[in-house]
Structures are given as C-alpha cells and as structure tokens.
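# Survey of secondary and tertiary structure
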Amino acid sequence: MTTVSAVLELDPFAWTFHDDPYPIYARLRAEAPLYRNEQRGFWALSRHADVAAAFRDWELFSSAGGVALEHGAEASASASFLAMDPPRHDQLRGLVSRAFTPRRVAALEPRVRQLARHYLGGLAQRGGGDFVDDFAARLPMDVVSELLGVPVEQRTELREWADTVLHRPEGVVGIPPAARVASGKMVACFVELLRERRRQPGTDLVSALLDAEVTGERLPDGEILAFLFLMIIAGNETTTKLLANAMYWLSRNPEQRALVESDPGLAARWVEETLRYDNSTQIMIRTLTRDHELHGRRMPAGDKVALLIGSANRDERVFADPDRFDILRDTRESLSFGVGIHFCLGASLARLEGRVALEEVLAHLPRWTIDESRLVRVHSPNVRGFARMPLRCG
Ligand code: HEM
C-alpha cells in the first residue's frame, strides 16, 4: 500500500488549489496514484495510464452518476448525454455528431476568422482592454450560438449566467444559490428558444433536434434543454478559457513567444501545448459500477472517481520535462479532450477556434502585454482559466 503524508490533500474546491494545482498533482502521481479524499468522498487517479484506462472503460467507470463532483451542479447539463452511458448516450451523440464532422467544422473557418478580426480589431483600436471580456468570451459564444440558433441579443446574458453557474465562492462546497438562480435563468431562456423554433423552424441544430427521432420517438424537451446547457457550459466556457490560457503562457515564456511570432504557422502547436500544459478542463468524474482494485487498494461499487486530466498531461512517464511549456513538443498523448466514447464532440471546433483566434492575435494585436497584477482567476472545481485578463497593445 502507498504511504501518504498527512499534508497531501486534493481539494478541488480550494482556491489555493486553483492558483496552482500542479505541485499537488506531482505529489499525487508519486506518492498516491490512487488517492482517497474521505471528507469529500471521492477517489482520484493522477497517472496518465490510469486516467486513460478509466476513460476507455465506460462499463466500469460509468458517467451516468454525473461527471462533476457536485451532481446536479450544472442543472440540466447533468441530464445531457455527457452524463449517460450507452445505449442512450450513443443515440443522442449520433444525432448531433453530424454537425461536428471535420468537414462541417472546416467550413466554419471563414466565419470564425471574420468574428475574430472584428473583436480583435476593436481591442487593437482601443490600445487594449480585457482579453476575456472583449474577445475570448465572445468568439466561442458567437460560434456556438450560430450553430444552435441563439439570437444575438441573448448571448451576453447567457455568458454571464454560465459564468455564475461555474463560479464557487471561497470556502463554499456544493452549489451556491447564485449558481442555482443562474441555471434557472438559462433553462428559461432555452425553453423560450424551443418555443420559438417550434413556431418558426430554422436551419440550426435546435430545429434539427426538435425534428429528430430516436427509435421512432421524438426527443423529450428535457434532453434538448440538457444538450443546450452542455453546449454553452462545456463547449463555450472551455474554449474561452483556452484562449486566455494560451496568451498567459506565451507571455510567461518569451523564447516561445519569439518562436511563434516569427512563424505564425505554429499557432496550432501553441493551442495543443496550451491544452496539454494547462487544460481548461481539469477533472472529470466517474462512478464505479462494481468493486475495483488498483494500486493495492479496493474501491467499492458506487464510489466516485476523479480522473485528473491536468495531472495526466504532466505525467513524466509520458511527457519529457512535463513542466516546461514547449510548443514544439509531441502532444499526441495529451488527454485534454478525454478519450473513448465521450471524447469531446467539439474537439475539432475548439481546435479550429483556437488556431484561428491565435493566428489573428499574431496578425492584429501588436506588442501586447498582460497586466498580471490585475488578472482574475475562475474558481471552479474543474474549469481552469481566467475571468479577467487586462491587456495593453500598440
Ligand atoms: C478547449 C475546449 C474544450 C475542452 C478542453 C473540452 C474538453 C472536453 C472533455 C475532456 C470531454 C470529455 C468528458 C468526459 O469524458 O466525461 C468533453 C466532452 C464534450 N465536449 Fe468538449 N471540450 C472543449 C470544447 C468543446 C466545444 C467547442 C464543444 C461544442 C461546441 C464541446 C462539446 C462537447 C460535448 C458535446 C461533449 C460530450 C461528448 C460525449 O459525452 O459523448 N466541447 N469535452
């Protein structure tokens, strides 16, 4: 059995953990590859091989008990196919996957570039602003909204509610009242959207889902609402955080910055290394369907297991010198988008948005600097990134 020193604690709700989780991950991999948090009632896997194996074994590591530490936290997102096992998972995923094929996603590139230029143009003209508020949060929201058919006038509010749904005040465990209220507002907004699309169908994904059938039956509204929730939280928030994380790590690594600025063709590598080095999705939860033994300990059926993506991506067994931000490294083993049947449906889209956004940053944001003294972090047990990033340019 592994001996754990008393001070090794993984608390995904602790603000100190959000500040820098990586030293804790390194200790977990070395000292407690199967870690138990008795107080919060979960196990955690931190080594790459264990995290990947658990992602792949959906029959043992089920998603049906929810994929967040606080089940029900994201209200109806926890009723989406992200938190289902086959066969229902495969049926629902199959319905929307057509919208996310590499070919369909590639066709979005001109529009993504146009949006990126629009927002960055404003930022450059003003000599700076807030990189998150003025750009990183807007681009993914517009892209997802256009896919879903969310009207322009609702996007800002939806973004603000999504931020509130994710935020955890210091010392608070469980879903804070403000997050519940914001969830309710998002659901009400989506209910209205369904009503509108029923009245007047469009060419968007929501209209297609209203029209779709699985095994001869229409989808219940609850499943469509849950999908919308998933797209706004999982699809939108993660991409927003990716963009600001990319800026942060480039600014902190001047030699890497010089490399990318001299060859903008490296933007895609910049995206991949940011995802590996500091992924916006840190932790996914599974529930054991039967007893399971690992690293000499027995976990009983029904227990929750945290798969630590952020730690797997820094595993020295897989990545040489893992704590070095190196955009030229081989990132193919990175688990940033998961692996197996729940592999991120939006991975191609996120990669496209990331690459295009950063190419446009290189082209249109001259001599930018981040005011690190005024950076504000997001505080959430599994989403990692910045809520505010003051930036100057010109
Ligand atoms: C940097 C951006 C993103 C990251 C890091 C990310 C990460 C992930 C991860 C780790 C999973 C697997 C969850 C699990 O196994 O439990 C996942 C699933 C998913 N993601 Fe993403 N994601 C990103 C962007 C997007 C975008 C842009 C969309 C769509 C617009 C999207 C839609 C989804 C969906 C629908 C699933 C559920 C797939 C399933 O359960 O079969 N994601 N994502």
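As a starting point, this report considers the structure included with it. The residue numbering used here restarts from 1 in each chain and proceeds along that chain's sequence as written. For this predicted model, a pLDDT threshold of at least 70 governs which residues receive local features, and a threshold of 80 or more governs which side-chain atom pairs are given and counted, while totals over whole chains, interfaces and linings are taken from all residues.

## Here we look at the overall build of the protein
The helix count covers DSSP runs of H or I at least four residues long, the strand count covers runs of E at least two residues long, and both are numbered beginning at the N terminus. Counting its secondary structure elements, the protein contains 16 helices and 14 strands. Expressed along its principal axes, the backbone C-alpha trace of the protein runs to roughly 60 × 55 × 40 Å. The burial label depends on the number of other C-beta atoms within 10 Å of a residue's C-beta. Counts of 20 or more mean buried, 12 or fewer mean exposed, and intermediate counts mean partly exposed, with C-beta atoms placed from the backbone. The buried share of the protein, taken over its 394 residues, is 45%. Once C-beta atoms have been placed from the backbone, residue pairs whose C-beta atoms lie within 7 Å are recorded as contacts. Put simply, 72% of the contacts in the protein that link residues at least 6 apart link residues at least 24 apart.

## Quick notes on the sheet that holds strand β3 (residues 61-62)
The mixed open sheet is built from five strands, whose spatial order is β1-β2-β10-β7-β3. Strand pairing shows two members of the sheet lacking a second neighbour, β1 (34-37) and β3, which therefore form its edges. The pairing of strand β7 (residues 283-288) with strand β10 (residues 304-308) spans five bridges and is antiparallel. Looking at β10, one finds that Arg286 is bridged to Val305. Each axis is a line fitted through C-alpha atoms, taken for helices only over the stretch in contact, and angles between the N-to-C directions span 0 to 180 degrees. Where helix α3 (residues 48-56) meets the sheet, it contacts β2 (42-45), β3, β7 and β10, and its direction lies at approximately 120° from that of β10. Whether two strands pair comes down to DSSP finding at least two bridges between them.

## Considering the pairing of β10
Of all five residues that make up β10, five are buried, and the element is covered over most of its length. The alternating pattern of β10 places Lys304, Ala306 and Leu308 on one face and Val305 and Leu307 on the opposite face, and all of these are buried. Direction of pairing for β2 relative to β10: parallel, over a ladder of three bridges. By the bridge assignment, Trp43 is partnered in β10 with Val305.

## Details of the nonpolar core
In summary, soluble globular proteins display a tendency toward joint burial of nonpolar side chains. Counting residues in hydrophobic clusters, the biggest one holds 104 residues, and the most contacted among them are Val51, Leu228, Ile232, Ala244, Met247, Leu307 and Leu308. Per-element tally for this core: the top contributor is helix α12 (residues 221-251), with 18 residues. Filtering out sequence-adjacent residues up to four positions away, Leu308 remains in contact with Tyr25, Ala44, Leu45, Ser46, Val51 and Ile283. Note on definitions: a nonpolar core is a set of buried residues drawn from Ala, Val, Leu, Ile, Met, Phe, Trp, Tyr and Cys, linked by C-beta atoms within 7 Å.

## Examining the sheet that holds strand β11 (residues 369-370)
Spatial strand order, β4-β14-β11: three strands in an open sheet with antiparallel pairing. On the outer flanks of this sheet lie β4 (128-130) and β11, each paired with one strand and no other. As paired elements, β11 and strand β14 (residues 390-392) share two bridges and run antiparallel to each other. Bridge pairing links Ile370 to Leu391 in β14.

## Observations concerning helix α14 (residues 267-277)
Given 3.6 residues to a turn, an α-helix orients residues that are three or four positions apart in the same direction. Burial analysis of α14 places nine of its eleven residues in the buried class, which makes it a mostly covered element. Residues of α14 that are buried include every one of Ala267, Trp270, Val271, Glu272, Glu273, Thr274, Leu275, Arg276 and Tyr277, and no others. Buried residues along α14 sit against α12, α13 (254-262) and α16 (347-364).

## Considering the pairing of β1
Successive side chains on a regular strand alternate, one facing one side of the sheet and the next facing the other. Sheet topology places β1 next to β2; four bridges connect them, and they run antiparallel. Looking at the pairing, Arg36 lines up with Trp43 of β2.

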